[in-house]
Amino acid sequence: MIAFAWTADRIAAIALGAAFLAFLYVFFFRARRREGTAVPAASTGDLEEQEATITVSGGYDPEVVIAKKGVPLTLVFDRRESSPCSDEVVLPEFGIRQALAAHAKTRIRVVPQRAGEFPFACGMNMLHGLLRVED
Ligand SMILES: [Cu+2]
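Cut-offs applied
- Residues numbered from 1 in each chain as written.
- Predicted model: local features only at pLDDT ≥ 70, side-chain atom pairs only at ≥ 80, totals over all residues.
- Heavy atoms only, no water.
- Donors = N, O, S within 2.8 Å, 3.2 Å for Na, K, Ca; no water.
- Helix = DSSP H or I, 4+ residues; strand = E, 2+ residues; numbered from the N terminus.
- Buried < 20%, exposed > 50% of the residue type's maximum accessible area, 1.4 Å probe, protein only.
- Contact = heavy atoms within 4.5 Å.
- 1 Å grid on protein atoms, 1.4 Å probe; cavity = no way out; pocket = protein on both sides within 12 Å on 5 of 7 lines; lining within 4 Å.
- Points joined across faces, edges and corners; volume = space filled by probe spheres on them.
- Nonpolar A, V, L, I, M, F, W, Y, C, P; charged D, E, K, R; others polar.
- Core = buried A, V, L, I, M, F, W, Y, C linked by side-chain atoms within 4.5 Å.
- Pairing = 2+ DSSP bridges.
- Phe/Tyr/Trp six-rings, centres within 6.5 Å; stacked < 30°, edge-to-face > 60°.

A. Geometry of the coordination of the copper ion. Only C85 (O), C85 (SG) and C122 (SG) from the protein coordinate the copper ion, and they sit 2.2 to 2.7 Å from it. Here C85 is found in the loop between β6 (73–79) and β7 (88–91), whereas its partner C122 is found in strand β10 (residues 116–122), with 37 residues between them in sequence. Summarising the burial analysis for this pair, C85 and C122 share the class buried.

B. Spatial organisation of unusual backbone geometry. Residue P62 follows D61 across a cis peptide bond; omega there is 0°. Mapped onto the elements of the fold, P62 is located in the loop between β4 (60–61) and β5 (64–68). Backbone geometry places N125, a non-glycine residue, at a positive phi of 60°. Note on placement: N125 falls in the loop between β10 and β11 (128–134).

C. The environment of I54, seen in detail. Tracing the backbone shows I54 in strand β3 (residues 50–56). Put simply, I54 and F77 are 23 residues apart on the chain and 4.9 Å apart in space, counted from C-alpha to C-alpha. Excluding anything up to four places from it in sequence, I54 contacts Y60, D61, P62, V65, L75, V76, F77, D78 and F120.

D. Seen up close, empty space enclosed by the protein. Throughout the structure, instances matching the rule amount to one cavity of 30 Å³ or more. No other element matches the three residues that β10 contributes to the lining of the largest cavity. Looking at the lining of the largest cavity residue by residue, the class counts come to seven nonpolar, no polar and one charged.

E. Seen up close, the nonpolar core. In this structure, Y60, L75, F77 and V89 are the most contacted members of the largest nonpolar core, which totals 23 residues. Taken together, the elements giving at least two residues each to this core come down to β3, β5, β6, β7, β9 (104–110), β10 and β11. The residues touching F77, leaving out its near neighbours within four places in the chain, are I54, V56, Y60, V89, L100, A104, K105, T106, I108 and F120.

F. The pairing of strand β8 (residues 96–99), seen in detail. Where β7 lies against β8, four bridges are found, and the strand directions are antiparallel. Residue pairing for β8: V90 is matched across the bridge by R97. The antiparallel hairpin formed by β7 and β8 contains four residues in its connecting segment, where G95 sits at a positive phi of about 60°.

G. Up close: the packing of aromatic side chains. Counting across every chain of the model gives six aromatic pairs. Between the aromatic rings of F94 and F118, the centroid separation amounts to 6.4 Å while the plane-to-plane angle is 70°, which identifies the pairing as edge-to-face. Of this pair, F94 sits in the loop between β7 and β8 while F118 sits in strand β10; the two residues are 24 residues apart in sequence, bridging distant segments of the chain. Assessed through its relative accessible area of 22%, F94 is described here as partly exposed. Through successive ring pairs, a cluster of aromatic residues spans Y60, F77 and F120.

H. Molecular detail of the environment of V89. Looking at where V89 falls in the secondary structure, it is placed in strand β7. Sequence spacing of V89 and C122 is 33 residues, and the spatial spacing of their C-alpha atoms is 4.5 Å. If near-sequence neighbours (up to four positions away) are discounted, V89 is found in contact with Y60, F77, I96, R97, Q98, L100, I108, F120, A121 and C122.

Right, here's the structure in full:
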């Protein structure tokens, strides 16, 4: 058996490989998270109601919705496809499983009672989004 030695070129090669993996992770997973902040609902113009539109097309855009705690929030799911994958959305924090009609907007109103990060997903748990509730 040949003894393994930590030569400078081997260390460099490993470091380069690790850096490349880190780059791939950031590029494909982190950088793809699009964020959007809920805005006051047009009907009131103040923060008695807040609203965020999420485009559903092969995923959720934005993937992260930022909203204020204690203010009723309407999530408008604008579904622009008929793929069976996205025909339901599940918000476990709010006990909601809601069908989304194809090529239509579905409004889901929730009242975020506590700050935190609350995932939502399609009915098969393949598409993922996140509701971030801030104080
Ligand atoms: Cu799915």
